[in-house]
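What follows is each chain in one-letter form.
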Amino acid sequence: MIDAAVSKLATYALRTGLIEECEYTWAINTILDVLKLDSYTDPGQEWGELELAPILDELMDDAHARGVLEQNSVVYRDLFDTELMGRLTPRPAQVIATFQALREKNPVEATDWYYRFSQDTNYIRRDRIAKDMQWKSPTEYGELDITINLSKPEKDPKAIAAARNLPASNYPRCLLCAENEGYAGRVNHPARQNHRVVPITINGSPWFLQYSPYVYYNEHCICFNSIHTPMKIDRACFGKLLDFVGQFPHYFVGSNADLPIVGGSILAHDHFQGGRYTFAMAKAPVETPFTFPGFEDVEAGIVKWPMSVVRIASKDPQRLVELADKVLNAWRGYTDEAAVIYAETDGVPHNTITPIARKRGEKFELDLVLRNNLTTEEHPLGLYHPHAELHHIKKENIGLIEVMGLAVLPARLKEELAAVADALVTGADLRASELTEKHADWAESFRDKYTFTKENALEIVEKETGLIFAQVLEHAGVYKRSQEGKQAFLRFLESVK
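Residues numbered from 1 in each chain as written. Predicted model: local features only at pLDDT ≥ 70, side-chain atom pairs only at ≥ 80, totals over all residues. Heavy atoms only, no water.

A. Region of the structure containing the sheet that holds strand β8 (residues 286-289). The strand order β3-β4-β5-β7-β6-β13-β14-β10-β9-β8 describes an open sheet built from ten strands, whose pairing is antiparallel. Unpaired on one side and paired on the other, β3 (198-202) and β8 mark the two borders of the sheet. In this sheet, neighbouring strand axes are inclined to one another by 30° on average, regardless of whether the strands run parallel or antiparallel. In the sheet, strand β6 (residues 252-254) pairs with strand β7 (residues 271-275) via three bridges, with the strands oriented antiparallel. Each residue of the ladder has a partner; that of V253, found in β7, is G274. Along the sheet face, helix α5 (residues 92-105) touches β3 and β4 (205-211) and points at about 50° away from the line of β3. Against the sheet, helix α6 (residues 107-120) engages β3 and β4, with an angle of about 55° to β4. (Pairing = 2+ DSSP bridges. Helix = DSSP H or I, 4+ residues; strand = E, 2+ residues; numbered from the N terminus. Axes fitted to C-alpha atoms, helices over the stretch in contact; angles between N-to-C directions. Contact = heavy atoms within 4.5 Å.)

B. Examining the environment of S137 more closely. Residue placement: S137 occurs in strand β1 (residues 133-139). It is 5.4 Å that separates the C-alpha atoms of S137 and K463, two residues lying 326 residues apart in sequence. Dropping the residues within four chain positions of it, S137 is found in contact with G142, E143, L144, I146, E462, K463 and G466. Within the structure, S137 has its side chain in polar contact with the backbone oxygen of E462 (distance 3.4 Å). (Polar contact = N/O pair within 3.5 Å; in protein donor to acceptor, adjacent residues only side chain to side chain.)

C. Summary view of helix α1 (residues 2-15). In this model, α1 (14 residues) spans 20 Å end to end at C-alpha, consistent with the 20 Å of a helix rising 1.5 Å per residue. With eleven of 14 residues buried, α1 is to be regarded as a mostly interior element. When α1 is considered as a whole, its buried residues turn out to be I2, D3, A4, A5, V6, S7, L9, A10, T11, Y12 and A13. Buried residues along α1 sit in contact with α2 (24-35), α3 (52-65), α4 (74-88), α6 and α7 (126-129). (Expected span 1.5 Å × (residues − 1). Buried < 20%, exposed > 50% of the residue type's maximum accessible area, 1.4 Å probe, protein only.)

D. Structural view of the packing of α3 against α4. Where α3 contacts α4, the two axes come as close as 10 Å, and the packing angle between them is 115°. Taken together, the axes of α3 and α4 are roughly perpendicular relative to one another. Seen from above, α3 lies across α4 with right-handed handedness. Between α3 and α4, the residues in contact are L52, L56, D57, L59, M60, D61 and A63 and R77, F80, D81, L84 and M85, respectively. (Parallel < 35°, antiparallel > 145°, perpendicular 65-115°, else oblique. Left-handed = near helix turned anticlockwise from the far one by under 90°.)

E. Summary view of the pattern of salt bridges. A complete count under the given rule lists 33 salt bridges for this structure. With a closest N to O distance of 2.8 Å, R319 and D297 form a salt bridge. Within this pair, whereas R319 is found in helix α11 (residues 317-332), its partner D297 is found in the loop between β8 and β9 (299-303), the two being separated by 22 residues in sequence. Sharing partners across several salt bridges, the network here consists of R311, R358, R360, E365 and D367. (Salt bridge = Lys/Arg side-chain N within 4 Å of Asp/Glu carboxyl O.)

F. Structural view of the packing of aromatic side chains. A complete count under the given rule lists 25 aromatic pairs for this structure. For the pair F99 and Y114, a centre-to-centre distance of 5.6 Å together with 70° between the ring planes defines the contact as edge-to-face. Taken together, the positions of F99 in helix α5 and Y114 in helix α6 put the pair 15 residues apart, joining distant regions of the chain. A single burial state applies to F99 and to Y114, both of which are buried. Through successive ring pairs, a cluster of aromatic residues spans F99, W113, Y114, Y115, F117 and Y211. (Phe/Tyr/Trp six-rings, centres within 6.5 Å; stacked < 30°, edge-to-face > 60°.)

G. Geometry of the pairing of strand β10 (residues 309-314). Burial analysis of β10 places six of its six residues in the buried class, which makes it a mostly covered element. Where burial is concerned, the two faces of β10 agree: the one with V309, R311 and A313 and the one with V310, I312 and S314 are both buried. Where β9 lies against β10, four bridges are found, and the strand directions are antiparallel. Across the sheet, A300 pairs through a bridge with I312, a residue of β10. Here β9 hands over to β10 after five residues, the two strands then running antiparallel side by side. As paired strands, β10 and strand β14 (residues 363-372) are joined by six bridges and run antiparallel to one another. Following the sheet pairing, A313 is matched in β14 by E365.

The values are spatial; any link to function lies outside them.
Have a look at this one:
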């Protein structure tokens, strides 16, 4: 029976182009080696449609039953099936050669192939991504994207205990470093034998391109510096972003800010995130045009968005680099006490920018999102961060992806939002259950606006969740969406010299 699963995996590798026809016998023996099997009988049959996850599950169940896979938890299974797929993944030189040959013809063909390849190798786990909950919520800022992330596996207690007993390791230095390519992994670091990165040159410096294994949106890519060096928003950063979209005009690319609270989760390694997706922010119009002196040739203005966004556009990317640098330098040192914006307190800097670049027709476009990470007694996690009353939905930092209009919400909300919807249908006490208690004030605030049925309750709760996310973004905006806020925003723009 296990021979059939071995045959299916080798056939899958052949059909997806991971191996050539002449490598089929080698692939069978390679799989047997990982499974610690020393004999095989060809089932001698043609396989229909093949789905990877069930094949790997069957092989791992058998390996566990025979004692080859010692622990049967998700962490150990991931280490094991990644080794299996890694044995069937083409060498880096082959992957680079294919990508570059396609790119010479058309960058779209290159990324199409590379994205499919990253799924075929199981580096991007299609079966897990399919579990994520996703919906769109209409708001005054357009349709916001909401996702509840269910594809990141939860750590199990045995793996956590085993990780505690491991000696400290700084290899690879972080989850982004190129040294992850081909790495066997350990219980506290994912296996990456099936991972391949491709080299690209951005603004004359060596970088790498890869996809995110968690794919929060279509073709969610990461480009990262070949050197492990901290994130830095500066003139060179703007140049790199615009150079990237010049090379890959079908992708947008952006950078997390370079300060805690308003930055991303990995500030130690310079990287950008991009992809082939149009977020609500990209669709949002400029509502207040503005002309910067000396840059009359550059279109500019304030975007209709809950966060504070300056959009600049020109056919000449160098003009955008020059203007963005001026805006950044002005913002770094800008204080407006009336608007509760402080460039620094006690020597600690607070102001930075989250930049996003895209190509729109012949024009290059940069969105400069003004950020400030000031904390106060009332808001210890950040004044321009979701406030406490919204933490039942979103407490985590507002990074690049959220800034653009996609909420990445914690897995706990799948069960909690379903429980809220159920309570709204049955009339149950929202404060009586651990699942709904933290959501009670919120749910009671919209309870009387709707007639709830089993059929519509979850859809309504999801819609209201989207409205909470719009508020989250408003809290993260340094200038509020009021006449007073707009005047303060214009005061800053007028200060840019």
